[in-house]
Amino acid sequence: MLKYIQKRLIISLVTLFIILTVLFLLLELMPGSPFNDEKLNPEQRTLLYEKYNLDKPLYIRYIAYLKNIVLKGDFGNSYTIQKDAPVSDLLKGRLSISVKLGIQALILGSFIGLFFGIIAAIKKNSKIDTLTTVFAVIGISVPSYVFALGLSYFLGYKLKLFPFTYDIYKSFESSILPTIALSMFVIATVARFMRTELVEVLGSEYILLAEAKGLKAKNVIMRHSVRNALIPVVTVLGPITVSLMTGSLVTERIFGIPGIGDLLVTAISVNDFNVVISIAFFYSMFYILMMLIIDVLYGIIDPRIRVAKEAN
């Protein structure tokens, strides 16, 4: 298992290097400039290009950029959003807010989704199963910002149970509504996958054999069935976790959350290349990290997978 993790780490680092290179080249080939202000004359633009070394050849800027990231962890400075401010400072506060909301939504959505999925599978073809299926379809089909608007209006504005805009001084209270809104997709997805997989597992031969030997239904479900049904659920949670932890743009806008998604759109609109590359890089890093964690969890959930990996 350790050798497999080491191998995956090397592959992950190479992948991140390729992603960073592609991002740098794509942004260089894009039309426009960070200095599109009509008030700037050609001489001023030339001075700005010299100041930020944008007048240098592409390969020189690329090598310098890689050195700063690898050796110093420096993603450069912002060109326009907050002039000359280190990108890391811009990301620091916003990233923590988005990650916090994402973790809250993931935990809430996973537990509720697993509960409904297990109950629906056990009560197959019952009213509870039907209601769970309908809710899963709605939760997957309806965007999170629709739930966000509804929660903000009814629970925030009308009933005044929770703050309907984000307040940094009341971070927990004002994060409740966006957390619920973001968790709806997680609940629906986890419940749907868990119900489908658990129904299949419960009908498998080894479960029927365990029941024929007189094992209690509770032990069969919790120790054998649920554990095997979790593998596809863990797989789908990877991409969902990344999207949640890096923020949902529209949901952040609705609740006025100063998260990383809002910063990305602003950076793209003003051609702040350093900020765009940095956020896209963090997205990629989160995704690759989650894929690595999921592979490790596979081995924990199902020892057969761990043995196969060690053999390879």
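Given the structure is predicted, the values throughout are model-derived calculations rather than measurements. (Residues numbered from 1 in each chain as written. Predicted model: local features only at pLDDT ≥ 70, side-chain atom pairs only at ≥ 80, totals over all residues. Heavy atoms only, no water.)

Structural notes on the overall build of the protein chain
Our working definition: Runs of H or I in DSSP of at least four residues are treated as helices and runs of E of at least two as strands, each being numbered from the N terminus. Partly exposed residues are those whose accessible area sits between 20% and 50% of the maximum for their type, while under 20% is buried and over 50% is exposed, using a 1.4 Å probe and protein chains only. Residues are treated as being in contact if the distance between any of their heavy atoms lies within 4.5 Å. All accessibility values rest on the Shrake-Rupley procedure with a 1.4 Å probe; residue burial counts only the protein chains present in the view.
Of regular secondary structure, the protein chain possesses 13 helices and zero strands. Starting at the N terminus and ending at the C terminus, the protein chain contains elements arranged as α-α-α-α-α-α-α-α-α-α-α-α-α. Of all 312 residues assigned to the protein chain, the portion counted as buried reaches 42%. Contacts in the protein chain between residues far apart in sequence, at least 24 positions, make up 73% of those at least 6 positions apart. Of the accessible surface of the protein chain, which amounts to about 17,600 Å², a share of 68% is contributed by carbon and sulfur atoms.

Description of the pattern of salt bridges
Filter applied, for reference: We define a salt bridge as a contact between a side-chain nitrogen of Lys or Arg and a carboxyl oxygen of Asp or Glu at a distance within 4 Å.
On inspection of all chains with the given rule, the structure shows four salt bridges. Where Arg195 meets Asp129, a salt bridge forms, and the shortest distance between an N and an O atom there is 2.7 Å. Of this pair, Arg195 sits in helix H7 (residues 171-202) while Asp129 sits in helix H5 (residues 127-141), placing them 66 residues apart in sequence. The pair Arg195 / Asp129 is uniform in exposure class, with both members buried.

Quick notes on a nonpolar patch on the surface
Rules: For patch detection, residues must exceed 30% relative accessible area and be free of salt bridges, and they are connected within 9 Å for like charges or within 5 Å for nonpolar side chains (Val, Leu, Ile, Met, Phe, Trp, Tyr).
A cluster of nonpolar side chains, Ile10, Val14, Phe17, Ile18, Val22 and Leu26, forms an exposed patch at the surface whose accessible area comes to about 550 Å². Assignment of secondary structure puts Val14 in helix H1 (residues 2-29).

Overview of the environment of Asn53
By the secondary structure assignment, Asn53 is in the loop between helix H2 (42-51) and helix H3 (58-72). By relative accessible area, which is 40% here, Asn53 ends up partly exposed.

Examining the confidence of the model for the protein chain
Worth spelling out the cut-off: A residue's pLDDT is the predictor's confidence in that residue, given on a scale from 0 to 100.
For the protein chain, per-residue confidence averages 81 on the pLDDT scale, and 87% of positions sit at 70 or higher. Taken element by element, the protein chain is modelled with least confidence in helix H13 (residues 303-311), mean pLDDT 52, and with most confidence in H5, mean pLDDT 90.

Some remarks on the packing of helix H4 (residues 87-122) against H7
This is how it is decided: Here, axes are lines fitted to C-alpha atoms. For helices the fit covers the stretch in contact, and angles between N-to-C directions go from 0 to 180 degrees. Left-handed describes a crossing whose near helix is turned anticlockwise from the far helix by less than a right angle; the clockwise case is right-handed.
The contact between H4 and H7 brings their axes to 5 Å, and the two run at 35 degrees. Helix-helix and strand crossings are classified by hand; for H4 and H7 the assignment is right-handed.

Section: the nonpolar core
For clarity, the threshold we go by: Residues grouped as a nonpolar core are buried Ala, Val, Leu, Ile, Met, Phe, Trp, Tyr and Cys residues, joined through side-chain atoms within 4.5 Å.
Residues Leu20, Tyr65, Phe75, Leu91, Val275 and Ile279 are the most contacted members of the largest nonpolar core, which totals 33 residues. Where this core is concerned, the elements lending two or more residues are H1, H3, H4, helix H11 (260-269) and helix H12 (273-301). Non-local contacts of Leu91, meaning those with residues more than four positions away in its chain, are made with Ile260, Leu263, Ser278, Ile279 and Phe282. The next biggest cluster of nonpolar side chains, apart from the first, holds 19 residues, and it includes Leu182, Ala229, Leu237 and Ile240.

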